Amino acid sequence: MQLDNKVIDINERCIIELVHLTLAFITLISILLLFGTLQFTFQIYWLKSNLQLTRENWWGILTCALIHETPSHLHKNIEGIIQYTIPILTFLILFNLCTNKHPKLTVPKLYLSTIIVSQITSGTATYIILYIIIQTEIKVTGSSGITYGLAGLTTAIFFSTLILLHESNKKLKSELKRSFKSLIFITFTLITTLTLSAIPLAELLHNTAEFMGATNKGANVFAHGFGYLSGLAIGIIHILHYI
């Protein structure tokens, strides 16, 4: 009877975290779409001049994520956020499947902290490098720092999943014998995280070449790089600490 109650408790926790993570994801996408609509549909141009990151607009470290250069720029970042959120959802299920613990860490909190920290880190690094070190006048927009932060978290999830499987080996074996769905979740998480981890690394190499010379046409490789590293660091430190 105690075992059944524990399983029910774990399932309830998983459902609650899924709801919280989904709400966080929907809120993020909704905010980006709202500002995108104001900027491109209603053509409220002062949003860009006031929220973008420039030498004078230091607050753009936070607000530049809300605006984009073009609709396609916005769509690309939203697409990236969606594709990196999927393996985070599957990891949430896997984490609850392979552990009986009640960790202080919840995946929704990890998701939100990655979004916030990656934006602050990428924005701050961009400001320091572009306006203090290089001393250029490039104007920065877009939520790519967040996108790459989630990409870094995805990479951390890949390695954490391998460790989680090793640490939970006995429970996992019995679970796999009992439920084929568990094997599907685990396989899907490993494949998607490994595949998606390769994408931002390849793009970083390409963007670095484009950005050489500090031209306005290149992608913000500094935001991408520091966003990715911050997401990777947050994921590894927090997940492994509670596994």
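The shown structure was predicted, so the numbers you read here are calculated from the model rather than taken from an experiment. (Residues numbered from 1 in each chain as written. Predicted model: local features only at pLDDT ≥ 70, side-chain atom pairs only at ≥ 80, totals over all residues. Heavy atoms only, no water.)

Visitor: Looking at this structure, I do not really get the overall build of the chain. What am I missing?
Guide: Secondary structure assignment for the chain yields nine helices and zero strands. Element order for the chain, N to C, with α for helix and β for strand: α-α-α-α-α-α-α-α-α. Put simply, the chain has 243 residues, and 49% of those count as buried. For the chain, long-range pairs separated by at least 24 residues make up 81% of all intrachain contacts whose partners lie at least 6 apart in sequence. Summed over all atoms, the accessible surface of the chain reaches about 12,600 Å², with 70% contributed by carbon and sulfur. (Helix = DSSP H or I, 4+ residues; strand = E, 2+ residues; numbered from the N terminus. Buried < 20%, exposed > 50% of the residue type's maximum accessible area, 1.4 Å probe, protein only. Contact = heavy atoms within 4.5 Å. Areas by Shrake-Rupley, 256 points an atom, 1.4 Å probe, with all protein chains shown as cover.)

Visitor: What am I meant to see in unusual backbone geometry here?
Guide: Most peptide bonds take the trans configuration, and most residues that are not glycine carry a negative phi. In this structure, Q43 takes a positive phi of about 50° despite not being glycine. Mapped onto the fold, Q43 is located in the loop between α1 (2-41) and α2 (46-51). Take Q43: its relative accessible area is 45%, and that puts it in the partly exposed class.

Visitor: Looking at this structure, I do not really get the side chain of Q119. What am I missing?
Guide: Considering the arrangement of structural elements, one finds Q119 in helix α5 (residues 107-133). In this structure Q119 comes out as buried when scored by relative accessible area, which is 6%. Engagement of the side chain of Q119 in a polar contact is seen with the backbone oxygen of I61, the distance being 2.8 Å. In contact with Q119, not counting residues within four places along its chain, are I61, L62, C64, A65 and I146. (Polar contact = N/O pair within 3.5 Å; in protein donor to acceptor, adjacent residues only side chain to side chain.)

Visitor: Whenever I open this one, the pattern of salt bridges confuses me. Can you help?
Guide: Pairs can form between side chains of opposite charge once their charged atoms are near each other. Summed over the entire model, instances satisfying the criterion amount to two salt bridges. For the salt bridge of E69 with K48, the shortest nitrogen-to-oxygen distance reads 2.8 Å. Residue E69 is found in the loop between α3 (60-63) and α4 (71-98), and its partner K48 is found in helix α2; the two are separated by 21 residues along the sequence. A residue is classified by how much of its surface remains accessible, and K48, at 25% relative accessible area, is partly exposed. Among the ionic pairs, E137 bridges to R55, the shortest N-O distance being 3.2 Å. With a gap of 82 residues between them, E137 in the loop between α5 and α6 (144-167) and R55 in the loop between α2 and α3 connect regions that are remote in the sequence. Exposure remark for E137: the relative accessible area of 53% places this residue in the exposed category. The class of R55 is partly exposed, set by a relative accessible area of 27%. (Salt bridge = Lys/Arg side-chain N within 4 Å of Asp/Glu carboxyl O.)

Visitor: Just to check I follow, could you spell out a nonpolar patch on the surface for this structure?
Guide: A cluster of nonpolar side chains, namely L62, I116, V117 and I120, defines an oily patch on the protein surface of about 340 Å² accessible area. It is α5 that provides the largest number of residues to the nonpolar patch, a total of three residues. By secondary structure assignment, the location of I116 is in helix α5. Residue class for I116 comes out exposed when judged on its relative accessible area of 52%. (Patch = residues over 30% accessible without salt bridge, like charges linked within 9 Å, V, L, I, M, F, W, Y side chains within 5 Å.)

Visitor: Explain empty space enclosed by the protein here, please?
Guide: To find the voids left in a structure, one rolls a probe of water-molecule size over its atoms. Going through the model one piece at a time under the given rule, you end up with one cavity of 30 Å³ or more. C64, V140, G142, N220 and A223 are, among the 13 residues lining the largest cavity, the residues nearest its centre. Per element, the largest residue contribution to the lining of the largest cavity is four residues, and it comes from α5. Among the residues making up the lining of the largest cavity, the classes are represented as four nonpolar, nine polar and no charged. (1 Å grid on protein atoms, 1.4 Å probe; cavity = no way out; pocket = protein on both sides within 12 Å on 5 of 7 lines; lining within 4 Å. Points joined across faces, edges and corners; volume = space filled by probe spheres on them. Nonpolar A, V, L, I, M, F, W, Y, C, P; charged D, E, K, R; others polar.)

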